[in-house]
Amino acid sequence: MIKKITNISDQGIICDFGGEVNKDINKKVISLFNYLKEKSNNDEIKGIYNIIPSYNKLVVHFDLEKNNSHKIKEIITSIDLKKLTTSQSSKTWTIPVCYDDEFALDLENLTKSLKLSKEEIIKTHLETEFYVYMIGFMPGHPYMGDLDKKLFTSRLQSPRVQVPIGSVAIAEKFCIIYPYLSPGGWNIIGRTSVKLFDTKNLTNPCLVSPGDTIKFKKVNKLELK
Amino acid sequence: MEQSYFEVLRPGINSTFQDKGRFGVQYMGLAPGGAMDYQSFLLSNVLLNNEKNTGAIEFAYQGPLLKLAKGKTKIAITGNVFFKIYSQKGEVNGEPYRTYDLNEGDQLDILATKASVYGYLSIEGGFKLDKFCGSVSSQPRAFIGPNDGKKIELKDKILIFKNSTIQENKIIRNIKFEEKRIFSVLPGPQFHYFSTASKKQFFSTPYLITKQTDRMGMRVVGKSLENLVNSNIPSEGIIKGAIQVPGDGNPIILLSDHPTTGGYPKVGSIISSDYDDLIQQNSNKEIYFQLVTLEAAEQQFALYIEKIKRKISIIEKI
């Protein structure tokens, strides 16, 4: 449930669902996101620029010429979150990953810090059904969880200046995929060729959505395209 | 009819296509982007009777040198900009906030922004550009926008939607470029993370705008902010103007091409009505921050809208 709603700008508010990060809380965030998005699309709530769900927060960015934080807070507090259905449209995706050494840049080091063999790390990663908490940072970039406890690990001491496109990486209890060449401090365990954000797709450029489920499938280098 | 177009003889330092930006897409990790100085962008279109959200060329510091290779068009440049037009009749020193006719073969030389950063070039009817998610705004880092989001490059052909049909020219007289040094801030979601003493310094001592400033963010240096709680938080949604403070205590003001979510605590947010002025400040300039209430910020916003409307109302024919 929402613990508090505060202004983060004269054109933005944040709904705080508490400090914890878990699926149950995130599902509440996403159900409110879906509800407000629909109301905004139908123009029942005016002047919404963006609604941004994250692990345990929901940000609403609006046009102060058409709406204000007082009215938006009133709308949100009047909603009975228990009655909102959780994302009926959530999908399941299978994403091919190649765990070969040339792509899995941090796998060797992880065998030491986690005291597991490469095979055990890969097997554990493949057995996990991941939940997409949020898309953020860059277009199409998913934050997924939760990893098996055996794979919990901290970020790299010094982040890489450039992480190759499609790198699958882990840190803390989460797994991510880098859709673009970018700096990054997560532990890279493989690579995928799946395009997470496609600007040629004008109707639905972003492959996965918050609330979706992701399973990984091991492939060899040739199958990676 | 033959396609009218500009040829790029010099691209300028940071020239991109921009409109108001993309909305309803931030949940996909796509930042709104859009013109940094919305007011200047808007006025360039209004001067030309364009639809308000028609894409313009945004330039920073040095703008492009463009040759109208084919066609006839009318232009408007806004911002504090020094530019020239070369035609068969000779050389004209251009005035911003005024429309000019360009004929085939004419060159438009946008030399520099004066004591500011961004300027805008709009043309009657707009440039011929493909939209993505409802906008032509370029985000080079994510390859989003016309020509895969690339900045405008040497020898590019920039297509013109239609030739000019409007006879008269228009002007907004007496646009003043005021020096602004104090920027108003509303408390951010992690305002309470920072020590009272360091917040007191933040709201009373000067901060220098560094060269590490672009469309994504503005890094400022001054007295560092002391975080008493945690310098990492679970990532949460970001709105432009947010002032995030990483572990080193030096604030970064997030601008139009900001990451959509971020895991650094935010001490505050620049109020919306101060944003256009903030992004026009040059690096190496000292600025101050002052804490204001939501009511004051909302009042300032109403004044900001009024000022824009007033400028539109005083557009006159030359």
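Residues numbered from 1 in each chain as written. Chains lettered and ligands numbered in written order. Predicted model: local features only at pLDDT ≥ 70, side-chain atom pairs only at ≥ 80, totals over all residues.

**Topic: the overall build of chain A**
Point 1. The number of helices and strands found in chain A is 4 helices and 13 strands.
Point 2. Scaling as 2.2 N^0.38, a compact globule of 225 residues should have a C-alpha radius of gyration of about 17 Å, and chain A matches this with 19 Å.
Point 3. Sorting the 225 residues of chain A into buried and exposed places 43% on the buried side.
Point 4. Summarising the internal contacts of chain A: among those between residues at least 6 apart in sequence, 62% fall at separations of at least 24. (Helix = DSSP H or I, 4+ residues; strand = E, 2+ residues; numbered from the N terminus. Rg over C-alpha atoms; globule rule 2.2 N^0.38 Å. Buried ≥ 20, exposed ≤ 12 C-beta atoms within 10 Å, placed from the backbone. Contact = placed C-beta atoms within 7 Å.)

**Digging into unusual backbone geometry**
Point 1. Following A:G145, the chain continues into A:D146 via a peptide bond in cis, with omega recorded as -5 degrees.
Point 2. Its place among the elements puts A:D146 in the loop between β7 (142-145) and β8 (160-163).
Point 3. For B:F143, which is not glycine, the phi dihedral falls at a positive 55 degrees.
Point 4. One can find B:F143 in the loop between β10 (118-123) and β11 (157-159).
Point 5. The backbone phi angle of B:N147 is positive, close to 55 degrees, even though this residue is not glycine.
Point 6. Note that B:N147 resides in the loop between β10 and β11.
Point 7. Residue classification places B:N147 among the partly exposed residues on the basis of 15 C-beta atoms within 10 Å.

**Quick notes on the sheet that holds strand β5 (residues 92-97) of chain A**
Residues and elements named next belong to chain A.
Point 1. Across the sheet, which stays open at both edges, the 7 strands sit in the order β5-β13-β6-β7-β10-β9-β12 with mixed pairing between neighbours. Taken across any chain shown, the strands that pair with only one partner, and hence form the sheet edges, are β5 and β12 (187-191). Geometrically, the sheet is characterised by an average inter-axis angle of 35 degrees between neighbouring strands, direction not taken into account.
Point 2. Alignment of β5 against strand β13 (residues 213-218), held across 6 bridges, turns out to be parallel. Its bridge partner lying in β13, V97 is registered against K218. (Pairing = 2+ DSSP bridges. Axes fitted to C-alpha atoms, helices over the stretch in contact; angles between N-to-C directions.)

**Observations concerning the domain arrangement of chain A**
Residue and element names in this part refer to chain A.
Point 1. Per the domain assignment, the segments making up chain A are domain 1 (4-83) and domain 2 (92-224).
Point 2. Distance from the C-alpha centre of domain 1 to the C-alpha centre of domain 2: 29 Å.
Point 3. Contacts between the two partners involve 6 residues from domain 1 and, on the opposite side, 6 residues from domain 2.
Point 4. Here the side of domain 1 that touches domain 2 takes 3 residues from helix α1 (residues 23-41), the largest share from any one element. (Domains from an automatic or database assignment.)

**Quick look at the nonpolar core**
Point 1. By size, the foremost hydrophobic cluster in this structure holds 131 residues, and its most contacted members are A:V60, A:M144 and A:I176.
Point 2. Leaving out residues up to four positions away in the same chain, A:I176 has contacts with A:H141, A:P142, A:Y143, A:M144, A:A169 and A:W186.
Point 3. Grouped together as the second largest cluster of nonpolar side chains are 5 residues, A:M138, B:F132, B:A142 and B:I144 included. (Core = buried A, V, L, I, M, F, W, Y, C linked by C-beta atoms within 7 Å.)

**Considerations on the interface of chain B and chain A**
Point 1. Facing 33 residues of chain B, the contacting portion of chain A comprises 37 residues.
Point 2. Among the secondary structure elements, those contributing two or more residues to the side of chain B that touches chain A are β16 (236-237) and α4 (294-313) of chain B.
Point 3. A total of 5 residues in the side of chain B that touches chain A trace back to one element, the largest contributor, which is α4(B).
Point 4. Of the residues belonging to the side of chain B that touches chain A, the class tally is 20 nonpolar, 11 polar and 2 charged. (Nonpolar A, V, L, I, M, F, W, Y, C, P; charged D, E, K, R; others polar.)

**Side note on the sheet that holds strand β4 (residues 57-62) of chain A**
Residues and elements named next belong to chain A.
Point 1. Reading across from one edge, β1-β2-β4-β3 is the order of the 4 strands in this open sheet, with antiparallel pairing throughout. Edge positions in the open sheet fall to β1 (4-9) and β3 (48-53), since each of these has one partner strand only. Strand-to-strand twist of the sheet, defined as the mean angle between neighbouring strand axes without regard to direction, takes the value 20 degrees.
Point 2. Of the strand pairs in this sheet, strand β2 (residues 12-16) and β4 are connected by 5 bridges, and their pairing is antiparallel. Within β4, the position partnered with C15 by the bridge is L58.
Point 3. α1 rests against β2, β3 and β4 of the sheet, and its axis sits at about 165 degrees to β3.

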